[in-house]
Amino acid sequence: MAGRRGALIVLEGVDRAGKSTQSRKLVSALCAAGHRAELLRFPERSTEIGKLLSSYLEKKSEVEDHSVHLLFSANRWEHVPLIKEKLSQGVTLVVDRYAFSGVAFTSAKEVRLAEAAKRGEFGHERYENGSFQKRALQSFGQLMGDKTLNWRVVDASRSIEDVHKEIHELCEDTIQAAMHRPLEELWT
Ligand code: 2DT
Ligand code: MG
């Protein structure tokens, strides 16, 4: 069908919510159902910018807070031409984190100094601790106030299969709806 485009599906949430597992399963299920679907993730650590981010996240290097925020943003922008091309070709993209993680994780830093004094770090990577994730979750809640985006909240405490079934059903609807919306709306 002419003009038929793919949907941009973003999975957001705190660390260990199951986004990566669900993203992979979703792409497989959509492809099995006859859609063209591909997986993307951010940060995408394979590019030059992505390598800087990976090193920062693994605590192998230090980057000033504003600068690292811009590097995360640049890491998405360097993929926007590819994203637009795929969507316009009719490929549905399932994205494991996008700009909402950028806002949520940077804003969660703003009260870090006071909290960090009280709590120990217990993750391997930067940001992997309970108090930081809690603030990021609060920020995701605020971002969901934007009703121009089609947010759906999925209860990730259930089994992998139950969560997958719900996400897959939601995405089938989204793919149908996306076909009737022009691509330009995504970047205005
Ligand atoms: P993964 O564990 O999903 O690889 O993420 N992050 C992510 C930011 O701080 N800003 C961003 O713009 C993005 C996309 C969230 C690694 C960490 O990177 C954080 C967790
Ligand atoms: Mg992680």
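Quick note: structure is the one above.
Heads up: these notes are all about the structure in this document. (Residues numbered from 1 in each chain as written. Chains lettered and ligands numbered in written order. Predicted model: local features only at pLDDT ≥ 70, side-chain atom pairs only at ≥ 80, totals over all residues. Heavy atoms only, no water.)

Focus: the overall build of the protein chain
Across its full length, the protein chain holds 8 helices and 3 strands. Ordered by position from N to C terminus, the α and β elements of the protein chain give β-α-β-α-α-α-β-α-α-α-α. (Helix = DSSP H or I, 4+ residues; strand = E, 2+ residues; numbered from the N terminus.)

Digging into the packing of helix α2 (residues 48-57) against helix α3 (residues 65-77)
For any two helices packed against each other, one specifies the crossing angle of their axes together with the interaxial distance. Where α2 meets α3, the closest approach of the two axes is 9 Å, and the angle between their N-to-C directions is 135°. By the angle class used here, α2 and α3 are oblique. In the packing of α2 onto α3, the handedness of the crossing is left-handed. Within the contact between the two elements, α2 uses I49, G50, L52, L53, Y56 and L57 and α3 uses D65, V68, L71, F72, A74 and N75. Residue composition of the contact of α2 with α3, grouped by class: 9 nonpolar, 2 polar and 1 charged. (Axes fitted to C-alpha atoms, helices over the stretch in contact; angles between N-to-C directions. Parallel < 35°, antiparallel > 145°, perpendicular 65-115°, else oblique. Left-handed = near helix turned anticlockwise from the far one by under 90°. Contact = heavy atoms within 4.5 Å. Nonpolar A, V, L, I, M, F, W, Y, C, P; charged D, E, K, R; others polar.)

Some thoughts on the packing of aromatic side chains
Each aromatic ring pair is summarised here by two numbers: the centre-to-centre distance and the angle between the ring planes. All chains considered together, the criterion is met by 7 aromatic pairs. For the pair F105 and Y127, a centre-to-centre distance of 5.7 Å together with 50° between the ring planes defines the contact as tilted. Residue F105 is located in helix α5 (residues 99-108), and its partner Y127 is located in the loop between α6 (112-118) and α7 (130-143); the two are separated by 22 residues in the primary sequence. Here the two residues F105 and Y127 agree in accessibility, since each one is buried. (Phe/Tyr/Trp six-rings, centres within 6.5 Å; stacked < 30°, edge-to-face > 60°. Buried < 20%, exposed > 50% of the residue type's maximum accessible area, 1.4 Å probe, protein only.)

Examining helix α8 (residues 160-178)
The first and last C-alpha atoms of α8 sit 26 Å apart over 19 residues, in line with the 27 Å expected at 1.5 Å per residue. Every buried residue of α8 is accounted for by V163, H164, I167, H168, C171, I175 and A178. One face of α8 carries all of its buried residues, which in axial projection span an arc of 130°. Exposed positions of α8 whose direction lies more than 90 degrees from the buried face are K165 and D173. Contacts from the buried residues of α8 go to β1 (8-11), α1 (19-32) and β3 (92-96). (Expected span 1.5 Å × (residues − 1). Arc of directions from axis to C-beta.)

Focus on the side chain of T92
By the secondary structure assignment, T92 is in strand β3. At a separation of 3.1 Å, a polar atom in the side chain of T92 contacts the main-chain amide nitrogen of A7. Apart from the residues within four sequence positions on either side, T92 is in contact with G6, A7, I9, L30, R36, A37, E38 and I175. (Polar contact = N/O pair within 3.5 Å; in protein donor to acceptor, adjacent residues only side chain to side chain.)

Quick look at the site of ligand 1
For ligand 1, the set of nearby residues contains 13 residues, the closest of which are R45, R76, R97, G102 and F105. Residue R76 places a side-chain N or O atom 2.7 Å away from an oxygen atom belonging to ligand 1. G102 places a polar main-chain atom, nitrogen or oxygen, 3.4 Å from an oxygen atom of ligand 1. Look at ligand 1: alone it shows 470 Å² of surface, and the protein chains cover 88% of it. Contributions of two or more residues to the shell around ligand 1 are made by α3 and α5. When residues in the shell around ligand 1 are grouped by element, the largest group, 3 residues, is from α5. Classifying every residue of the shell around ligand 1 gives 7 nonpolar, 2 polar and 4 charged. (Near = heavy atom within 4 Å. Areas by Shrake-Rupley, 256 points an atom, 1.4 Å probe, with all protein chains shown as cover.)

Here we look at the nonpolar core
Here is a general trend for soluble globular proteins: nonpolar side chains tend to be buried in one another's company. Judged by nonpolar contacts, the single largest core of 23 residues is most densely connected at I83, L93, Y98, F105 and Y127. Elements that contribute at least two residues to this core include exactly α2, α3, α4 (80-88), β3, α5 and α7. Sequence-distant contacts of F105, defined by excluding residues within four places in its chain, comprise D15, R97, Y127, F132, Q133, A136 and F140. (Core = buried A, V, L, I, M, F, W, Y, C linked by side-chain atoms within 4.5 Å.)

Some words on the packing of α1 against α8
For the pair α1 and α8, the least separation of the axes is 10 Å and the interaxial angle reads 55°. One element, α1, and the other, α8, form an angle in the oblique class. Judged by the sense of rotation from one axis to the other, the crossing of α1 with α8 is right-handed. Across the interface between the two elements, T21, Q22, K25, L26, A29 and L30 of α1 pack against I160, E161, V163, H164, I167, H168, C171, E172 and I175 of α8. Counted by class, the contact of α1 with α8 contains 8 nonpolar, 4 polar and 3 charged residues.

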